[in-house]
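Single-letter residue listing:
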Amino acid sequence: MLGKLSFRNAKRQAKDYCIYFITVIISVALMFSFNSIATSNDISELSSYMASFSKAISGISILIVLVMAWLINYCMRFMLEKRSKEFGTYQILGIEKKSISNIFTLENIMIGGIAFIIGIALGIFIYQILTSIIMNLFNQPYQIEISFNIKAVGMTAIYFFGIFALVLLNCRRKIKKTKVYDLLYASKKNENNMIKKAKGNVILFTLSITLLVGAILINNNEFANASNMVGRNIFIAIIMLILGIYLFYISISSFIVKRYLNNKSRKYKKDNMFLYRNLTSKINTMSLSLGTIASMFTIILIGGNVALLMNNMINNEIEMGYPYEIMISAADGDFSKYKEYIEKNTKVKDMYEYRLYNIKGIGLSTAFEKTPFKGAIDKEIDSVLSLTTYNKLREILGYEKVDLQDDEIIINCLKTAKEGLEKYTKENDKTKIVGKDVKIKEIRSENIAQVGFNGSYYAIIVPDSLIPLIEKEDQRLRDKNDNNSTIVTEQEDGTDKIYYLDFAYNFVATTENMTDEKFYKELSNYIIKQEREIAGEVNGEEQNYNIEISLSNVQTKGERMSQTKSFYTIMSFLAFYVALIFVMATATLLAIQQLSDSEKYKYRYELLRKLGVDELHINRTIFKQLLFYFAIPMVLPVIISIPVILGVGQIFTVAVTMEEIFKNICIMLGMFILVYGIYFIATDVQFDRNINGNG
């Protein structure tokens, strides 16, 4: 008999909590698909860097399990409270508490088991889609085929049923300890209103705004001076942000009452009083839940944008730093072994050897004082290319040639550094190079590998007539430290400071096809290394010790692309995984809260009908009520996340433009609102059916 009762109740719960049931199915599907990716040999063999994907998924799975545990625990407790009157009636009829807890356990195992089976089936298809996306990203052929990963099923089952078992044990314990009276009246209880007096709410509301503004200011200040960032201050800002969010939702209902209901013209306009009273009563009893949901939304928006920014930074670094397939720099200019290997192992389109010179800095570093590059630019050393070399590098990449007069120079820089240099040269368009007066003709930002290869962030292009003097200056600097790649100069306070020189000789090549990791590793075997004796402190004692230094450096676009694609896959897929689970979990809580209360609201809307309100107006009122309820935990995270993201984005602006930062914000908000909106629409449809007696 109890089995039949459990089965009937399970069917009814699946209908009443359909959104929760669907969320659990999708969550199981996502867990299974990502566990399948983590255990896939095809994925891990794509790149040496993809081996860390499975470790990252394992780490993220802990977070996902915690979120799912929170969701399932909340929903089961909520269902238990809503059905407490039913369970109390069972006790009055003589059914033992143990039998009642068995009924609740059995029906939830049925729901969980069905959700797990459907989720695994759906996860198989999601895994195929995700795998095909990853394979396409790495330009690898892939044929979709249905496969069943036993290891992934086992991992998902452990996560899912482990959560269910712990939550059900907690619910069973609660049923056994709860008295009949408490069961009969538990559905009438809500979260306590933490602050009883309106004055206390106003104080808390003011304090919450102060904490939130303070957290944003601290965050922006710390990331504006990333080189002097203090981790303790960032931690304080995070605590202030979370505390501010909770205090905001604890006190917001009093603010709404004071702002709207005390205004008689607004209070009695249309259905405002009905809506605001419904809203404030719900916020009063759910302040902690709304604070938790808003905190999760804030994490989603900030974390998702940071992941997008990191992807932008890596992709831009490839674009700006690796325009040539192969780039080699060396101290001696002998590239014969490298060229021999390259010509044997790939089809070369073009190759070029040239000199890169260093001169004493001409003051261009001051152009970056108020930019993200502050502190990153070497004030003492500037990199120089001859016009002939510059035009050849441009020709290889398909750019047109440029001309210079004997008293003109060009500065070629990263696109993110161009604005600072243009502002500087408007007032400082003349300078001296090796004792000669020259005019800065223009600032150009074509990508010629200026992420530490053809200069760091920028290089000075000079007419060929200045090269003899430039060459003497370059040699003078190298002679100061026996042709090492660094020079040591004594500062005014008597301490030594190390300045880094570029390798004197560079080589670039473009190829018909992109190279791979194997090509890079084999080419790197030709790097010449040398041991040098260095004086320094070891275990508190001054000693001489030997270190191995490289006399050349090898970079290939193929190897860097492999690394970047791996990083992009890991960051984007995990960010999508976490964000989707977070949004679904929180939106589900809001949905079941409203749908479970629909019986109470049904009585209130029935009164409106008796007062003469037509169906169209009632449906509009339902829509507005749900819209306000869903919007309240979303609006604050959106408002505070934008300045926080712009603050954090300051450390990325060396490689990422502000346009890209704003684009990321729009993308993340769009994805968030899309998923959240689906849950809102589903809730609105079901709520309307419950109120109007159609569901």
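Up top is the structure these notes are about.
This is a predicted model, so every value here is computed, not measured.

1. Some remarks on the environment of Pro633
Moving on, step 1. Relative to the helices and strands, Pro633 is located in helix H21 (residues 615-648).
Moving on, step 2. Considered as a pair, Pro633 and Ser289 are 344 residues apart in the sequence and their alpha carbons are 9.5 Å apart.
Moving on, step 3. Not counting residues up to four positions away in its chain, the partners in contact with Pro633 are Tyr249, Leu290, Ile293, Ala294, Phe297, Leu590 and Tyr676.

2. As for helix H5 (residues 84-92)
Moving on, step 1. By the burial criterion, the buried members of H5 are Ser84, Glu86, Phe87, Gly88, Tyr90 and Gln91.
Moving on, step 2. Once H5 finishes, Gly94 follows within two positions and takes phi at roughly 105°, a positive value.

3. Examining the nonpolar core
Moving on, step 1. Within the largest apolar cluster, 127 residues are counted, with the highest numbers of intra-cluster contacts made by Phe53, Ile72 and Tyr249.
Moving on, step 2. Per-element tally for this core: the top contributor is helix H19 (residues 557-596), with 18 residues.
Moving on, step 3. Val384, Ile409, Tyr424 and Tyr457 belong to the second largest nonpolar core, which has 28 residues in total.

4. A short note on the sheet that holds strand S5 (residues 408-413)
Each strand in a sheet pairs with its neighbour through backbone hydrogen bonds, running either in the same direction (parallel) or in the opposite one (antiparallel).
Moving on, step 1. Read across the open sheet, the six strands follow the order S3-S4-S10-S5-S7-S6; overall the sheet is mixed. Edge positions in the sheet fall to strand S3 (357-360) and strand S6 (430-433), since each of these pairs with one other strand and no more. Geometrically, the sheet is characterised by an average inter-axis angle of 45° between neighbouring strands, direction not taken into account.
Moving on, step 2. Summarising the sheet, S3 and strand S4 (residues 381-386) pair through four bridges and their orientation is antiparallel. Among the inter-strand pairings, Lys360 is bridged to a residue of S4, identified as Ile381.

5. Section: helix H7 (residues 150-177)
Count 3.6 residues to each turn of an α-helix, and residues three or four apart come out pointing the same way.
Moving on, step 1. The terminal C-alpha atoms of H7, which comprises 28 residues, lie 40 Å apart, in line with the 40 Å expected from a rise of 1.5 Å per residue.
Moving on, step 2. Restricting attention to buried positions, one finds in H7 the residues Ala152, Val153, Thr156, Phe160, Ile163, Phe164, Val167, Leu168, Cys171, Arg172 and Ile175.
Moving on, step 3. Each element contacted by the buried residues of H7 is listed here: helix H2 (18-38), helix H4 (51-82) and helix H6 (97-137).

6. Considerations on the pairing of strand S16 (residues 552-556)
Remark: a regular strand shows side chains that alternate across the two faces of the sheet.
Moving on, step 1. For S16, a buried count of four out of five residues is recorded, marking the element as mostly surrounded by other parts of the structure.
Moving on, step 2. Sheet topology note: the strand S1 (residues 326-330)/S16 ladder contains five bridges and is antiparallel. Directly across from Ile326, in S16, lies its bridge partner Thr556.

7. Some words on the packing of H19 against helix H22 (residues 658-692)
Moving on, step 1. One way to put it is that H19 packs onto H22 with a least axis distance of 10 Å and a crossing angle of 25°. One way to sum up the angle between H19 and H22 is to call them roughly parallel. The crossing of H19 and H22 is right-handed. Residues Ala579, Leu580, Val583, Met584, Ala587, Thr588, Leu590, Ala591, Gln594 and Leu595 of H19 touch H22, and the partners they reach there are Met668, Phe672, Val675, Tyr676, Tyr679, Thr683, Gln686, Phe687 and Asn690.
Moving on, step 2. Residue composition of the contact of H19 with H22, by class: 14 nonpolar, five polar and no charged.

8. A look at the sheet that holds strand S13 (residues 505-511)
Moving on, step 1. Read across the sheet, four strands follow the order S2-S13-S1-S16 without closing on themselves; strand pairing throughout is antiparallel. In this open sheet, the two strands that pair with only one neighbour each are strand S2 (348-355) and S16. Across the sheet, the mean angle separating the axes of adjacent strands is 10° when strand polarity is ignored.
Moving on, step 2. Those strands touched by helix H14 (residues 336-345) are S1, S2, S13 and S16, and its axis lies near 170° from that of S2.

9. Examining the pattern of salt bridges
Moving on, step 1. Tallied over the full model, the rule gives 15 salt bridges.
Moving on, step 2. Here Glu400 ties to Arg394 by a salt bridge, and the two come within 3.4 Å at their closest N and O atoms.
Moving on, step 3. The salt bridge partner of Arg444 is Glu400, with a shortest N-O separation of 3.2 Å. Placement of Arg444 in strand S7 (residues 436-444) and of Glu400 in the loop between helix H15 (387-397) and S5 is noted, with a sequence separation of 44 residues between them.
Moving on, step 4. Residue class for Glu400 comes out partly exposed when judged on its relative accessible area of 48%.
Moving on, step 5. Three or more residues joined by partner-sharing salt bridges are found here, namely Arg394, Glu400, Glu442, Arg444 and Glu446.

10. Digging into the side chain of Asn454
Moving on, step 1. Here Asn454 lies in the loop between strand S8 (451-453) and strand S9 (455-456).
Moving on, step 2. Of the polar contacts made by the side chain of Asn454, one reaches the side chain of Asn506; its length is 3.1 Å.
Moving on, step 3. Residues in contact with Asn454, not counting those within four places in the same chain, are Tyr354, Leu356, Leu385, Leu393, Ile448, Ala449, Ala459 and Asn506.

11. Quick word on a nonpolar patch on the surface
Moving on, step 1. Side chains of Ile209, Val213 and Leu217 sit close together on the surface and give an oily, nonpolar patch of about 260 Å² of accessible area.
Moving on, step 2. Assignment of secondary structure puts Leu217 in helix H9 (residues 198-224).

12. Description of the packing of aromatic side chains
Moving on, step 1. By the definition in use, this model includes 20 aromatic pairs.
Moving on, step 2. Centroid distance Phe335 to Tyr338: 6.5 Å. Interplanar angle 50°. Geometry classified as tilted.
Moving on, step 3. Relative accessible area serves as the criterion here: at 2%, Phe335 is assigned to the buried category.
Moving on, step 4. The interplanar angle of 50° and the centroid separation of 5.3 Å between the aromatic rings of Tyr341 and Phe519 together place this pair among those described as tilted. With a gap of 178 residues between them, Tyr341 in helix H14 and Phe519 in helix H18 (residues 517-524) connect regions that are remote in the sequence.
Moving on, step 5. Judged by its relative accessible area of 5%, Phe519 is buried.
Moving on, step 6. Through pairs of rings, three or more aromatic residues link up here, namely Phe297, Phe623, Tyr629, Phe630, Phe672, Tyr676 and Phe680.
Moving on, step 7. We note Arg355 situated over the ring of Tyr505; from NZ or CZ to the ring centre the distance is 4.9 Å.

How each quantity is defined
Numbering of residues begins from 1 in every chain and follows the order in which that chain's sequence is written. It should be noted that, the model being predicted, local features are given only for residues of pLDDT at least 70 and side-chain atom pairs only at 80 or more, the latter also being counted only at that level, while totals for whole chains, interfaces and linings use all residues. The basis for the side-chain values is all heavy atoms of the structure; hydrogens and waters are excluded. Helix and strand assignments come from DSSP, with helices taken as H or I runs of at least 4 residues and strands as E runs of at least 2, each series counted from the N terminus. By the convention used here, residues are in contact when the closest approach between their heavy atoms is within 4.5 Å. Burial classes follow relative accessibility: with a 1.4 Å probe on protein chains only, a residue under 20% of its type's maximum area counts as buried, one over 50% as exposed, and anything between as partly exposed. We define the nonpolar core as a collection of buried residues of types Ala, Val, Leu, Ile, Met, Phe, Trp, Tyr and Cys that are connected through side-chain atoms lying within 4.5 Å of one another. Here, strands pair whenever DSSP counts at least two bridges between them. Between the N-to-C directions of two axes lies an angle of 0 to 180 degrees, each axis being a line fitted to C-alpha atoms and, for a helix, fitted only over the stretch in contact. To estimate the expected span of a helix, subtract one from its residue number and multiply by 1.5 Å. By definition in this entry, angles of less than 35 degrees are roughly parallel, angles greater than 145 are roughly antiparallel, angles of 65 to 115 are roughly perpendicular, and the rest are oblique. Working rule for handedness: look at the near helix, and if it is turned counterclockwise from the far one by less than a right angle, call the crossing left-handed; if clockwise, right-handed. Only Asp, Glu, Lys and Arg are considered charged, only Ala, Val, Leu, Ile, Met, Phe, Trp, Tyr, Cys and Pro nonpolar, and every remaining residue, Gly among them, polar. Should a side-chain nitrogen of Lys or Arg be within 4 Å of a carboxyl oxygen of Asp or Glu, the pair is scored as a salt bridge. Residues adjacent in sequence count toward polar contacts only when both atoms are side-chain atoms; beyond that, a polar contact is any pair of N or O atoms within 3.5 Å, and within protein one must be able to donate a hydrogen and the other to accept it. A patch consists of residues exposed above 30% relative accessible area that lack any salt bridge, with like charges linked at up to 9 Å and nonpolar side chains (Val, Leu, Ile, Met, Phe, Trp, Tyr) linked at up to 5 Å. Here the open area of atoms and residues is found with the Shrake-Rupley method and a 1.4 Å probe, where only the protein chains shown may cover a residue. Pairing of aromatic rings covers Phe, Tyr and Trp, the last through its six-membered ring, and needs centres within 6.5 Å; plane angles under 30 degrees mean stacked, over 60 mean edge-to-face, and all others mean tilted. Here, over-ring charges are defined by two tests on the NZ atom of lysine or the CZ atom of arginine: distance to the ring centre within 6 Å, and angle to the ring normal within 35 degrees.

Any link to function would need more than the numbers given here.
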